[in-house]
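What follows is the residue order along each chain.
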Protein chains: 2
Amino acid sequence: MERSNHLLDDQFQMFETACRRAGLRLTHQRLEVYRELARAEDHPSAETLHQRLRRSIPTLSLDTVYRTLATLACHRLINKVDTVESQARFEATQHQHHHLICSKCKQITDFEWHSIDALPLPAQANEWGQVESKNVVVYGLCAHCQ
Amino acid sequence: MERSNHLLDDQFQMFETACRRAGLRLTHQRLEVYRELARAEDHPSAETLHQRLRRSIPTLSLDTVYRTLATLACHRLINKVDTVESQARFEATQHQHHHLICSKCKQITDFEWHSIDALPLPAQANEWGQVESKNVVVYGLCAHCQ
DNA sequence: CAAGTAAATAAAAATCATTTCTATTTAAGC
DNA sequence: GCTTAAATAGAAATGATTTTTATTTACTTG
Ligand SMILES: [Mn+2]
Ligand SMILES: [Mn+2]
Ligand SMILES: [Zn+2]
Ligand SMILES: [Zn+2]
């Protein structure tokens, strides 16, 4: 289930290019925050990411993690995930997918649903405005929490 | 587009019954918080609701609004809406629907999509655990913000 | 490959959203 | 009406995130 290093390297190359295009400097911290998020499969919060990164960059400050995540989300290089939780959660992947969220343990799991992706929105939605994204959020109890 | 007073009255009767069943006291504040939320069509935050309610109940405290919303959400009498925003937003309606969220003005609009409601989730989701809810969140720019 | 410069960082303080604490009030059962 | 546990108001505390400021650093230009 884990993405290959090769694919991650590709993603990382694209990230550096995208930063340059966006006029964002390639700082050590920024690269490492992105790399850690890209490696993660659990939609970590800023705090979680900070804890993980401290092992390799002990001086990294939490506000830098927050600032970096905000900057990257603003440039659409990462996504802030919709949840009902107090801590915001993030992901680096750009592939179209949806979320299963456990009401109990708050774990967020990706899933694919191509028939939805292909289905056009109802007329009401198109009249509303210009659609940018369309995602399904499923709540429930994961197998582990039942 | 506004719900009739008759329907609101019905909803309100059901709310009182549900509170009794849940062992929740029918306090003036609780009834008014619910009534104000049921009347609202804009998925207000706790703060917004508090501002509106202060007109009629000047002594109502903000923490009571927060506490009440948390209690009612816990008993499934209202919903906390999934968003990427910092302030939590709420709705009283229980009918199955989905959300259009404007990335700019953050306005949340309801829409219906019956073909999705009827469509079974992919196998991957059913293996994940016990599903409780399934909602679509659409981001984009509303007509007004374009 | 040195400056020069604007952007980014670390650390601390501030702010915003929400929760907790405590004394007081009140709904509901008797 | 009286009792009692639940709910409220107001204040203080907490948790998450943002802002401020002085310092450092990536990238430009000569
Ligand atoms: Mn995801
Ligand atoms: Mn709604
Ligand atoms: Zn779980
Ligand atoms: Zn808008």
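The structure displayed is predicted, hence computed values, not measured ones.

Calculation criteria
Residues numbered from 1 in each chain as written. Chains lettered and ligands numbered in written order. Predicted model: local features only at pLDDT ≥ 70, side-chain atom pairs only at ≥ 80, totals over all residues. Heavy atoms only, no water. Pairing = 2+ DSSP bridges. Helix = DSSP H or I, 4+ residues; strand = E, 2+ residues; numbered from the N terminus. Axes fitted to C-alpha atoms, helices over the stretch in contact; angles between N-to-C directions. Core = buried A, V, L, I, M, F, W, Y, C linked by side-chain atoms within 4.5 Å. Buried < 20%, exposed > 50% of the residue type's maximum accessible area, 1.4 Å probe, protein only. Contact = heavy atoms within 4.5 Å. Donors = N, O, S within 2.8 Å, 3.2 Å for Na, K, Ca; no water. Parallel < 35°, antiparallel > 145°, perpendicular 65-115°, else oblique. Left-handed = near helix turned anticlockwise from the far one by under 90°. Expected span 1.5 Å × (residues − 1). Arc of directions from axis to C-beta. Buried area = accessible area lost by both parts, 1.4 Å probe. Salt bridge = Lys/Arg side-chain N within 4 Å of Asp/Glu carboxyl O. Nonpolar A, V, L, I, M, F, W, Y, C, P; charged D, E, K, R; others polar. Near = heavy atom within 4 Å. Polar contact = N/O pair within 3.5 Å; in protein donor to acceptor, adjacent residues only side chain to side chain.

Student: I tried to follow the sheet that holds strand β3 (residues 98–102) of chain B on my own but got confused; where do I start?
Tutor: Consider a sheet: its strands pair through backbone hydrogen bonds, and that pairing is either parallel or antiparallel. Strand order across the open sheet formed by 6 strands is β4(A)-β3(A)-β5(A)-β5(B)-β3(B)-β4(B), with mixed pairing between neighbours. Across the chains shown, the open sheet's two edge strands, defined by having one partner strand only, are β4 (108–111) of chain A together with β4 (108–111) of chain B. Shown here is a sheet whose adjacent strand axes are inclined to one another by a mean of 30 degrees, direction ignored. As defined by bridge partners, β3 of chain B adjoins strand β5 (residues 129–142) of chain B across 4 bridges and the pair is classed as parallel. Within β5 of chain B, the residue paired with Cys 102 of chain B across the bridge is Gly 140 of chain B.

Student: Explain the nonpolar core to me, please; I cannot follow it from the model alone.
Tutor: Across soluble globular proteins, nonpolar side chains have a tendency to be buried as a group. The biggest cluster of nonpolar side chains holds 24 residues, and the ones touching the most others in it are Phe 111 and Val 136 of chain A together with Phe 111 and Val 136 of chain B. When residues of this core are traced back to their parent elements, those giving at least two are β3 (98–102), α6 (123–128) and β5 (129–142) of chain A together with β3, α6 (123–128) and β5 of chain B. Excluding residues within four positions of it along the chain, Val 136 of chain A makes contact with His 98, His 99, Phe 111, Trp 113 and Ile 116 of chain A together with Lys 134, Asn 135 and Val 136 of chain B. The next biggest cluster of nonpolar side chains, apart from the first, holds 23 residues, and it includes Leu 49, Leu 60, Val 65 and Ile 78 of chain A.

Student: How do you make sense of the coordination of the manganese ion (ligand 2) when you look at a structure like this?
Tutor: By definition of the ideal shapes, four donors in a tetrahedron about a metal sit 109.5 degrees apart, and six donors in an octahedron sit 90 or 180 degrees apart. At this site the manganese ion (ligand 2) is bound by His 43 of chain B (NE2), Glu 91 of chain B (OE), His 97 of chain B (NE2), His 99 of chain B (NE2) and Asp 110 of chain B (OD), with donor distances of 1.9 to 2.2 Å. Residue Glu 91 of chain B is classed as buried on the basis of its relative accessible area of 9%.

Student: How should the packing of helix α2 (residues 28–39) of chain A against helix α3 (residues 46–56) of chain A be read in this particular structure?
Tutor: Residues and elements named next belong to chain A. Close contact between α2 and α3 brings their axes to 10 Å; oriented N to C, the two are set at 110 degrees. Comparing the axis directions of α2 and α3 gives the class roughly perpendicular. The interaxial crossing formed by α2 with α3 has right-handed handedness. Between α2 and α3, the contacting residues are Glu 32, Val 33, Glu 36 and Leu 37 on the first element and Leu 49, Arg 52 and Leu 53 on the second.

Student: It is not clear to me how the side chain of Gln 11 of chain A should be interpreted in this structure. Could you clarify?
Tutor: Counting through the fold element by element, Gln 11 of chain A comes out in helix α1 (residues 5–22). Classification of Gln 11 of chain A as buried rests on a relative accessible area of 16%.

Student: Help me understand α1 of chain A in this model?
Tutor: One turn of the α-helix equals 3.6 residues, which is why residues spaced by three or four share an orientation. Residue and element names in this part refer to chain A. A rise of 1.5 Å per residue sets the reference length of α1, with its 18 residues, at 26 Å; its end C-alpha atoms lie 25 Å apart and thus fit the reference within 8%. Within α1, the full set of buried residues consists of Gln 11, Phe 12, Phe 15, Ala 18 and Cys 19. Mapping the buried residues of α1 onto a view down its axis gives an arc of 125 degrees, with all of them on the same face. Exposed side of α1, more than 90 degrees from the buried face: His 6, Met 14, Arg 20 and Arg 21 are the residues found there. In this fold, the buried residues of α1 make contact with α2 and α4 (62–74).

Student: Quick question: what am I supposed to make of the interface of chain A and chain B here?
Tutor: A common way to report how large an interface is uses the accessible area buried once the components associate. Every contact between the two is made by 39 residues of chain A and, on the other side, 39 residues of chain B. Taken together, the two surfaces of chain A and chain B that pack against each other cover about 3300 Å², and 60% of this comes from carbon and sulfur. On the chain A side of the contact with chain B, Asp 82, Trp 113 and Trp 128 of chain A bury the most area, a combined 21% of that side's loss. Joining chain A to chain B, the criterion identifies 0 salt bridges. For the side of chain A that touches chain B, the elements supplying multiple residues, two or more each, are β1 (79–81), β3, β4, α5 (114–118), α6 and β5 of chain A. The residue inventory of the side of chain A that touches chain B, partitioned by class, reads 22 nonpolar, 11 polar and 6 charged. Sheet topology note: the β5 of chain A/β5 of chain B ladder contains 13 bridges and is antiparallel. Each bridged residue has a counterpart across the sheet, and for Ser 133 of chain A the counterpart in β5 of chain B is Tyr 139 of chain B.

Student: I'm lost on the protein's contact with DNA strand D in this one. Help?
Tutor: In the vicinity of DNA strand D there are 18 residues, among which Tyr 66 and Gln 87 of chain A together with Gln 29, Asp 63 and Thr 64 of chain B approach most closely. A share of 69% of the atoms of DNA strand D within 4 Å of the protein falls on sugar and phosphate groups. Backbone polar atom of Ala 88 of chain A to a phosphate oxygen of DNA strand D: 2.9 Å apart, as the coordinates give it. Note that a base nitrogen of DNA strand D is positioned 3.1 Å from one of the side-chain N or O atoms of Arg 25 of chain B. Elements with a minimum of two residues in the surface near DNA strand D: α4 of chain A together with α2 (28–39) and α4 (62–74) of chain B. Among the elements that take part in the surface near DNA strand D, α4 of chain B stands out by supplying 3 residues, more than any other. For the surface near DNA strand D, the residue count by class is 5 nonpolar, 7 polar and 6 charged.

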